[in-house]
Amino acid sequence: TTSNSNRPSSSFDRPADIAPTTQLGLDTRMPWFDTLATLPTRSEAETAQDAGLGFAYHNHDFEFGELDLWGRIVDAGLDLEPDVGWLRVAGRDPAAELRGLAGRCPLVHAKDVRRTAGGWEDVPAGDGELDWPAIAAAARAAGTATLVIELDTPSAEPLADISRSLATLRAV
């Protein structure tokens, strides 16, 4: 089980800051950042590892802008938890990204997306634009142990959304 925090990554560089993760019985901390000053660091990963936790950075689409924050995070050598929906929104090929990150993605967020008149929306896996057989194969080849179903904006029937996503992922 994982913890995707609502605080920037620099909030997790002290052992006391990761206590909620262990108290909940979770095994991986997945930070994000909101400024260049809070890019995840090797010391944060080491703090989590010293506490017996995994540490994998969770992306959104903004990391792929003109500052190439994604490249900086990848170059830092941290484990990653790519969100394939956000990769697609950022114009990336999720399967190709996973293949390029082999051995560094213990978790993958299995979020599907589709284009709308106003931009993008996340939908249950299989209801959007993503190529789940290719993503699942790339994740397996990259050494991913867990696909995490995520819907930022579930429908009025979230359990049905999860069931549809599970059915899609089990079929691949």
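In case you missed it, the structure is sitting above this.
Residues numbered from 1 in each chain as written. Predicted model: local features only at pLDDT ≥ 70, side-chain atom pairs only at ≥ 80, totals over all residues. Heavy atoms only, no water.

Colleague: For this particular structure, what's the right way to read the overall build of the protein chain?
Modeller: Counting its secondary structure elements, the protein chain contains seven helices and eight strands. When the 172 residues of the protein chain are sorted by exposure, 46% land in the buried category. Pairs at least 24 residues apart make up 69% of the contacts formed inside the protein chain by residues separated by at least 6 positions. When the accessible surface of the protein chain is split by element, carbon and sulfur atoms take 51% of a total near 8200 Å². (Helix = DSSP H or I, 4+ residues; strand = E, 2+ residues; numbered from the N terminus. Buried < 20%, exposed > 50% of the residue type's maximum accessible area, 1.4 Å probe, protein only. Contact = heavy atoms within 4.5 Å. Areas by Shrake-Rupley, 256 points an atom, 1.4 Å probe, with all protein chains shown as cover.)

Colleague: Sorry, what's going on with a nonpolar patch on the surface here?
Modeller: A cluster of nonpolar residues, L159, I162 and L166, forms a patch on the protein surface that exposes about 270 Å² of accessible area. Checked against the element boundaries, L159 lands in helix α7 (residues 158-171). (Patch = residues over 30% accessible without salt bridge, like charges linked within 9 Å, V, L, I, M, F, W, Y side chains within 5 Å. Salt bridge = Lys/Arg side-chain N within 4 Å of Asp/Glu carboxyl O.)

Colleague: Looking at this structure, I do not really get the pattern of salt bridges. What am I missing?
Modeller: For the structure on display, the rule yields eight salt bridges. Where salt bridges share partners, they join D83, K111, E150 and D152 into one cluster.

Colleague: Help me understand the side chain of H109, please; the structure alone is not making it clear to me.
Modeller: Tracing the sequence through the fold places H109 in strand β5 (residues 107-110). Polar contacts involving the side chain of H109 include one to the side chain of H58, which spans 3.4 Å. (Polar contact = N/O pair within 3.5 Å; in protein donor to acceptor, adjacent residues only side chain to side chain.)

Colleague: Explain α7 to me, please; I cannot follow it from the model alone.
Modeller: Note on helix geometry: an α-helix contains 3.6 residues per turn, so any two residues three or four positions apart are oriented the same way. Taking 1.5 Å as the rise per residue, α7 with 14 residues should run 20 Å; its terminal C-alpha atoms sit 20 Å apart, in good agreement. D161, S165, T168 and L169 are the residues of α7 that are buried. Angular distribution of buried residues about the axis of α7 spans 95°; they occupy a single face of the element. Of the residues in α7, the exposed ones pointing more than 90 degrees away from the buried face are L159, R170 and A171. Close packing links the buried residues of α7 with β5, α6 (132-142) and β8 (146-149). (Expected span 1.5 Å × (residues − 1). Arc of directions from axis to C-beta.)

Colleague: What is the right way to look at α6 in this model?
Modeller: Buried residues of α6: W132, I135, A136, A138, A139 and A142, and no others. With its buried residues spanning 165° around the axis, α6 presents them on a single face. Seen from the open side of α6, the exposed residues pointing more than 90 degrees away from its buried face are R140 and A141. Buried residues along α6 sit against α4 (84-89), α5 (94-100), β5, β6 (112-116), β8 and α7.

Colleague: Is there a simple way to explain the nonpolar core in this structure?
Modeller: Note that soluble globular proteins tend to have their nonpolar side chains buried in a common cluster. Counting 21 residues, the largest nonpolar core has W70, L80, V84, L98 and W132 as the members making the most contacts within it. Of all the elements in the fold, those that place two or more residues in this core are α3 (69-75), α4, α5, β5 and α6. Considering each element in turn, this core owes the most residues, four residues, to α6. (Core = buried A, V, L, I, M, F, W, Y, C linked by side-chain atoms within 4.5 Å.)

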